[in-house]
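Residue strings, one per chain:
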Amino acid sequence: NNGNSSNNKGFISRPAFLPKEHTKDIPKTGDFDRMSYAQWTLKCTDVPQFDALEAAAASFRTDDKLHLRNLCNDSARCAGLTAVHMNEGGRRRLHLDYSRQQVTGEVMELLYDLADAVNFHDRREAMRRGALINSTEERAVMHHVLRMPRGYDFSIYGTPINGSSAHYGRAAGRGFQKSEGNVLLQNVHRVQEKIERFSNKVRSGEIRGVTGKRLKNFVCIGIGGSQLGAEFVHEAFRADPRAAKAAQGRTLRFLANVDPVDFYLTTKDLDPAETLIIVASKTFSTAETMLNARTVRKWLDDSLASISIKQADITAKHMIAVSSNPDLCKKFGILEQNVFGFWDWVGGRFSVCSAVGLVPLSLQFSFEVMEEFLAGAHDIDEHFFNAPPRDNIPVILGLLGVWNSTFLGYGTRALLPYAQALRRFPAHIQQVDMESNGKSVALDGTPLLHESGEILFGEPGTNGQHSFYQCLHQGRVVPADFIGFMESQQPFALEKEVANHDELMSNFFAQPDALAYGKTLVDLIQEGVPAPLRQHMVFAGNRPSSSILMTKLDVFAVGQLLALYEHRTAVQGFIWGINSFDQFGVELGKVMAKNVRTQITAARLRGVSVQGFNGSTTSLLELYLNHGKMMEHEE
Ligand SMILES: O=P(O)(O)OC[C@H]1O[C@](O)(CO)[C@@H](O)[C@@H]1O
């Protein structure tokens, strides 16, 4: 490590905790390199555009003319508040309608001005080119590189810190050199080729388990960023005809929770002889993942070990790993050739397109299918990095997020896919967004003057309608993203006139208007609703939402959606002036759990009483430990 000082390579390497006077090492080359440290660490509250937006937000709170009921009847305004991204000569569309957001064209212009004022464009460029924008950890943020196809001209980019040939390693404070760009991409493709070879061999039966049986059950052990993304993609592909055909006869399951019930449910009906375990952990030291990995190893051993089958062979043939820490994988007993690497510049929650997602999903659906998924994500990367802001869908979504949460005060956001296949999409984006943007200080370590991050939740429509929508309609104001598709993955029409998908989509079109327009007392009187009920049946309306309508949810589109929401999160972080790419907030609880674990062990083994906790935790722990003793006594 060079001690956080300048790397003289023109990249930002200053950790946020260094005081502002350390300005001499600021990047010197390229567009973003012209930024001074002060410019780099600007946050939205530092610029006058913030005040202009606050004033605009105040009128939205008071002026009834700005109620969505009125705004949405202005067709010219609505037509202006859409953005479209098309492929295949228009046969594939990604259409964003944000006319039901509490914005006018003027507000949007103020938001674009705000983005300019905080150097959003340079920040995005710094990300694209591999500057160490995760400054507290001195890492680049380059998940977009994972999606670049073979032959992509990467020469204008930097390359990772870990040198030209190694696949793994810490950032160690080195910046990138332009000349290394293509080598980096070659490394990405080399790992992809390895995944393709391995998954083909397993799928064809060339690689088998210790007993000679084909490996057709895949269990992926990992948590957080090493699980949620791959799980969402798995769910999204299950009903896609092409992916489903490729997966025939195979199962893929995810084991994340350290709760033994998760292990039990995941493995209870699997034949270990036909099961391949993928341990996905960037660090290969996450407590939950490693306990689950050891538990599953015992499950394999208990069933497969015999005089002729050694435990080491079982691990070697039934366990593979995805990690940035090959040494720990080896120590665990995983063969070196069965470790699939990725790099420090891929954050856990942005790692679906690395081996973390590619290994389990290629085993289940084939590498060929996964290439199509990468192509969809790359398509949105290109859109994000190149489209002008006013046409740029992740930029628009990100700016609307800032507007809703920071200016209008709506701190919660709902993600509502009208597609059962996107069942796990909200859970994945919840992690992407909340782990990234739930911060309280700016890049330079100074406190933010507003809350950052939004509480994100969601469920597929129409299920959510029969659950939490009541609160969305008459309780709190929660800006929502509705996602729908023109074609179903599984078209079916019970009745000739209205296909089942039409039934679903009727709700997709109706709900945003119900939220925006609501229902007035006058409406209710006209409808003849009895007086005592009227107030209960008023809907205030004016609840903002965006509608994303896409052609169909195929493999390519799943990749597009992933990249769309990943970039949206980055946009919000850039505007707020925070580091969206570290996650120190998850550490404190982990450390405290370690202490509790140590004390539980000491109490159970040696009868040592728990100490050092407050009264509440002490009595809860004693209750828990005494219950254990009581059970032993009764037995
Ligand atoms: O891949 P690992 O190292 O096991 O980490 C798992 C997850 O834990 C976190 O660090 C915190 O929850 C996530 O960011 C990460 O994706």
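Calculation rules
Residues numbered from 1 in each chain as written. Predicted model: local features only at pLDDT ≥ 70, side-chain atom pairs only at ≥ 80, totals over all residues. Heavy atoms only, no water. Helix = DSSP H or I, 4+ residues; strand = E, 2+ residues; numbered from the N terminus. Buried < 20%, exposed > 50% of the residue type's maximum accessible area, 1.4 Å probe, protein only. Contact = heavy atoms within 4.5 Å. Expected span 1.5 Å × (residues − 1). Pairing = 2+ DSSP bridges. pLDDT = per-residue confidence, 0-100.

Participant: Can you break down the environment of His-450 residue by residue, with the values?
Facilitator: Summarising the element assignment, His-450 is placed in the loop between helix 17 (425–437) and strand 9 (455–457). By relative accessible area, His-450 is classed as buried at 14%. For the pair His-450 and Leu-515, spaced 65 residues apart in the sequence, the C-alpha separation amounts to 27 Å. Leaving out residues up to four positions away in the same chain, His-450 has contacts with Cys-44, Thr-45, Thr-406 and Trp-576.

Participant: Lay out helix 8 (residues 228–237) with the relevant residues and their values.
Facilitator: Counting buried positions along helix 8 yields 10 of 10 residues, so the element is predominantly enclosed. In the core, the buried residues of helix 8 are packed alongside helix 9 (241–247), strand 4 (251–255), helix 14 (355–365), helix 15 (367–386), helix 17 and helix 22 (555–576).

Participant: Residues and numbers for helix 16 (residues 393–407), please.
Facilitator: In a regular helix each residue adds 1.5 Å, so 15 residues correspond to 21 Å; helix 16 covers 20 Å between its end C-alpha atoms and thus fits that length. Of all 15 residues in helix 16, 15 are buried; the element is thus mostly enclosed. Of the residues trailing helix 16, Gly-409 is marked for its positive phi of about 85°.

Participant: Outline the pairing of strand 11 (residues 545–552), listing residues and values.
Facilitator: Looking along a regular strand, one sees side chains alternate from face to face of the sheet. Of all 8 residues making up strand 11, 7 are buried, and the element is well covered by its neighbours. Inspection of the sheet shows strand 2 (residues 92–97) paired to strand 11 by 4 bridges, in the antiparallel sense. Each bridged residue has a counterpart across the sheet, and for His-95 the counterpart in strand 11 is Leu-549.

Participant: Go over the confidence of the model for the chain with me, naming the residues and quoting the values.
Facilitator: Confidence in the prediction for the chain averages 90 pLDDT; 90% of positions are at 70 or higher. Contacts for the low-pLDDT stretch residues 1–31, under 50 throughout, to residues beyond four places or in other chains number 76 contacts. Contacts for the low-pLDDT stretch residues 158–174, under 50 throughout, to residues beyond four places or in other chains number 65 contacts. Scored by ipTM, the complex comes to 0.98, with pTM at 0.91.

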